[in-house]
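Remarks on the overall topology
For reference, the chains in residue letters:
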Amino acid sequence: MYPNEHYKRAIEERYSSIVPQSGLRAVPMAHLGALPATRNARDFEVDFRYIDVPSLCEVSADARWSWLEGSGLLRDLKARSAVTSKRQKGGAETSATDNLLAASQTVCTCDACCHGNLDPGNVLVTDDGYLLVGWDLARIAPRVYDEFSIVFHPDIPTSIENRLVQFEDLVARHDDSCPLRSADSVDVAYMLLEAKIKDCASWGDSPEANRLVASYSDMLAELKGYRASTMAEN
Ligand SMILES: [Zn+2]
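The structure displayed is predicted, hence computed values, not measured ones.

Some points on the overall build of the chain
- Regarding its fold elements, the chain presents ten helices and six strands.
- Residues classed as buried in the chain amount to 32% of the 234 residues present.
- Within the chain, contacts between residues separated by at least 24 positions form 71% of all contacts whose residues are at least 6 apart in sequence.

Right, dumping it as structure tokens:
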């Protein structure tokens, strides 16, 4: 499922603050082999170029979370404009082939242009901020989809409390009518993590899929412990 021309334009407009040079699709050389590059290049006239900066995955693990908090990426995610989607007009919902998207659609009614694959390997660390790469899954989707993906990514280690604080800060910018605004963020994180684990498990028995299933499961266990400790306090 690839975004059509309308989405492409919308993404360029809406993400102009996220992609500092409008229309630029920066792809580090190491990732070219992993992308369906030929297909995307033909469909979207993608301008591939090599940028000699590390991805967030190449930053030391201990420094990734504090980098994220200071990078402006969370601020820009928050600043995304609302987009009226087909489902808001009463049309069919996106056929959700991934569990995280389906779960996001049940908890969040505000749609925005989503990167669709916001993991630290797709975040380039530049001198003055960041660039996002890997736009091949970009689409109109519930804004929580991107927000959850980056804030609850196991390759950006931090405490569950820190994740929840940032998540709640992002959710505070959702529409007043969005169910997320009044939901318990622990419950929501729990549900989205379970969906994400299902998605990773569905990728098959590869070392990377197994690693992610284990990492997300650890985070789920941490969230359970956090919930138990806060319930004990109250
Ligand atoms: Zn929402």
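Further notes follow.
Comments concerning the environment of G72
- Mapping G72 onto the fold places it in the loop between α4 (61-70) and α5 (73-78).
- The class for G72 is partly exposed, based on 15 C-beta atoms found within 10 Å.
- Between the C-alpha atoms of G72 and G129, which are 57 residues apart in sequence, the distance is 6.9 Å.
- Dropping the residues within four chain positions of it, G72 is found in contact with G129 and Y130.

Considerations on the pairing of strand β4 (residues 123-126)
- Of the strand pairs in this sheet, β4 and strand β5 (residues 129-132) are connected by four bridges, and their pairing is antiparallel. Within the sheet, the bridge partner assigned to L124 lies in β5 and is L131.

Let's talk about the nonpolar core
- Judged by nonpolar contacts, the single largest core of 43 residues is most densely connected at L100, C114, Y145, F148, A189, L192 and L193.
- Per-element tally for this core: the top contributor is helix α9 (residues 185-201), with seven residues.
- Ignoring sequence-local partners within four residues, the contact set of C114 consists of A138, R139, A141, R143, Y145 and D146.

Points about the confidence of the model for the chain
- Averaged over all residues, the pLDDT of the chain equals 78, while 73% of them reach at least 70.
- Averaged pLDDT values over the elements of the chain bottom out at 34 in helix α2 (residues 29-32) and peak at 97 in helix α8 (residues 160-171).

Considerations on α8
- Counted at 1.5 Å a residue, the expected span for α8 with its twelve residues is 16 Å, and the 16 Å between its end C-alpha atoms agrees.
- Listed as buried for α8 are R163, F167, L170 and V171. One side of α8 holds all its buried residues, which, seen down the axis, span an arc of 95°.
- Buried residues in α8 make contact with α5, α7 (144-151) and α9.

Topic: the environment of L101
- For L101, the position within the fold is in helix α6 (residues 99-107).
- In this structure, the C-alpha to C-alpha distance between L101 and P142, residues 41 residues apart in sequence, is 7.8 Å.

Quick look at α9
- Under the 1.5 Å per step criterion, the end-to-end length of α9 is 24 Å for 17 residues, consistent within 8% with the ideal 24 Å.
- Taken together, the buried positions of α9 are occupied by V188, A189, L192, L193, A195, K196, I197 and C200.

Brief notes about the packing of α9 against helix α10 (residues 207-233)
- Between α9 and α10, whose axes approach to 9 Å, the crossing angle comes to 165°. On the basis of the axis angle, α9 is roughly antiparallel to α10. When the axes of α9 and α10 are compared, the crossing they make is left-handed. Here α9 contributes V186, A189, Y190, L193, E194, K196, I197, C200 and A201 to the contact with α10, which in turn contributes A209, L212, V213, Y216, S217, M219, L220, L223 and R227.
- Of the residues contributing to the contact of α9 with α10, the split by class is 14 nonpolar, one polar and three charged.

Each value, and the rule that gives it
- Residues numbered from 1 in each chain as written.
- Predicted model: local features only at pLDDT ≥ 70, side-chain atom pairs only at ≥ 80, totals over all residues.
- Helix = DSSP H or I, 4+ residues; strand = E, 2+ residues; numbered from the N terminus.
- Buried ≥ 20, exposed ≤ 12 C-beta atoms within 10 Å, placed from the backbone.
- Contact = placed C-beta atoms within 7 Å.
- Pairing = 2+ DSSP bridges.
- Core = buried A, V, L, I, M, F, W, Y, C linked by C-beta atoms within 7 Å.
- pLDDT = per-residue confidence, 0-100.
- Expected span 1.5 Å × (residues − 1).
- Arc of directions from axis to C-beta.
- Axes fitted to C-alpha atoms, helices over the stretch in contact; angles between N-to-C directions.
- Parallel < 35°, antiparallel > 145°, perpendicular 65-115°, else oblique.
- Left-handed = near helix turned anticlockwise from the far one by under 90°.
- Nonpolar A, V, L, I, M, F, W, Y, C, P; charged D, E, K, R; others polar.

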